[in-house]
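Notes for the structure review
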Amino acid sequence: MFEKTEALKKLFTEKVAKATATSDIEQLRIEFLGKKGSVQALMQELRNVPNEGKKEAGQKINEAKQYIENAITEKIAELKKFEEQKLIEATESYDESMPVSVDYGSYHPITLVRREVEQIFLSMGFSVEDYSEITDDYNCFEALNIPKHHPARDMQDTYYLSSNQLLKTHTSAAQNTILRKYKSNLENGNPIRAIFPGRCFRNEKIDACHENTFFQMEGIMVDENISISNLIYFMKTMLSEVFQKDITVRLRPGFFPFVEPGFELDIQCLICGGDGCPSCKDSGWLELCPCGMIHPNVLTAAGIDPEKYTGFAFGLGMTRLAMMRYGVKDIRVFNSGNLKSLSQFTEKSFTNPSNESKEA
Ligand code: FA5
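The paragraphs below set out a description of the structure included in this document. (Residues numbered from 1 in each chain as written. Predicted model: local features only at pLDDT ≥ 70, side-chain atom pairs only at ≥ 80, totals over all residues. Heavy atoms only, no water.)

Moving on to the pairing of strand 4 (residues 192-201). Where a strand is regular, its side chains alternate between the two sheet faces. Strand 4 sits mainly inside the fold: eight of its 10 residues count as buried. Sheet topology note: the strand 1 (residues 127-128)/strand 4 ladder contains two bridges and is parallel. For Ser127, the partnering residue across the bridge sits in strand 4 and is Ala194. Bridging between strand 4 and strand 5 (residues 213-223) involves 10 bridges; their strand directions are antiparallel. (Buried < 20%, exposed > 50% of the residue type's maximum accessible area, 1.4 Å probe, protein only. Helix = DSSP H or I, 4+ residues; strand = E, 2+ residues; numbered from the N terminus. Pairing = 2+ DSSP bridges.)

Moving on, we get to the nonpolar core. Here is a general trend for soluble globular proteins: nonpolar side chains tend to be buried in one another's company. With 50 residues, the main nonpolar core has Val117, Phe121, Phe312, Phe314 and Leu316 as its most contacted residues. Every element with two or more residues in this core is listed here: helix 5 (109-122), strand 5, helix 8 (228-243), strand 7 (259-268), strand 9 (291-294), strand 10 (310-317) and helix 10 (318-326). The biggest single contributor to this core is helix 8, with seven residues. Setting aside anything within four residues of it in sequence, one finds Phe312 in contact with Phe126, Gly219, Ile220, Met221, Ile226, Asn230, Leu231, Phe234, Gly292, Met293 and Ile294. Counting residues in hydrophobic clusters, the runner-up holds 28 residues, among them Ala194, Phe196, Ile220 and Tyr309. (Core = buried A, V, L, I, M, F, W, Y, C linked by side-chain atoms within 4.5 Å. Contact = heavy atoms within 4.5 Å.)

Around the ligand there are 24 residues in total, and His170, Ser172, Arg202, Glu204 and Glu211 lie nearest to it. Here an oxygen atom of the ligand and a side-chain polar atom of Arg202 are 2.8 Å apart. Gln216 places a polar side-chain atom, nitrogen or oxygen, 3.1 Å from an oxygen atom of the ligand. A molecule is said to occupy a pocket when more than half its atoms come within 2 Å of that pocket's grid points, and by this definition the ligand occupies the largest pocket. At the level of elements, strand 5 and strand 10 are the ones that each hand at least two residues to the shell around the ligand. (Near = heavy atom within 4 Å. Polar contact = N/O pair within 3.5 Å; in protein donor to acceptor, adjacent residues only side chain to side chain. 1 Å grid on protein atoms, 1.4 Å probe; cavity = no way out; pocket = protein on both sides within 12 Å on 5 of 7 lines; lining within 4 Å. Sits in = over half its atoms within 2 Å of the grid points.)

Structure follows, in structure tokens:
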């Protein structure tokens, strides 16, 4: 058993030395310490060891296990340090320690990103709609095919106000209003194309990529024969315009009661390049823009015939988009009110400000 445990330690030492990301360590943990791992296999072999040697053999296995556990802890600490350094390098354009060089006001980074996305959609024939932050149960949930007691409501707990109103949890809360506002377009042979940005509120566990107050931008397009191809085209155009470079995205199925089919559009984390970091919850991907084909019940609730018209909707996470756009690794920077951080984005102002009077 001594030879075997020593060989195991040697093999582990070689493999751990080659690990370059915390995800590699997780694989090693499974390989060596998992239920079907190498240490467990040695434990099984204990059965075949004669009684007089069992105690010593057991100790050797435990020693090897301890050795591997300690090495894992050390390696994780080392890799975390390295990953943090990589984060700092990746975010060199954003430096919290820079002195404030401006003595005049500056636009908030979310405002800058919002304007940019608005501009992209304006150029594609969409109108930019305004919608209040206070809504009601009908608009936020019922009209979106989320009846009372639907489990989807659990994901979007919010602040309820006394007059049967609530702070909107998503920009989808305006879908019914905007669809009604423009449904005459359809009767006149024109599509409905609108985006509606806004601040959303949720009872949320705050971390590097979750806030309780954040911005989304909803977009809808309805007409005869609108399909998923149209949806993908608009998403691609928007992302390539915003980032002005190739970015990796993935589309996977997602459930939202107000679309069918529904998708999650994730963007590969631009902070860590996909290796995993706190900004993307160590997954390498950031949920950015869920989307899908508007559910017939939602069209019906707005008085639109789902047999004749179809449409897509998307809910872009604008605060997260700003994180990726500017390499801000912690979402809390945006609501911090820290001028030292926030005023750095002034230089990157955009050329076509819309809705000057509404700027935050
Ligand atoms: C929604 O809010 C849906 N209304 C989106 C939608 C619209 C789906 C139209 C289909 C059709 P979700 O809860 O996943 O979905 O939020 C959408 C995006 O908002 C997320 O991908 C993320 O980018 C952002 N987001 C959500 N919660 C937070 C949060 N707590 N902090 C920061 N950003 C968030």
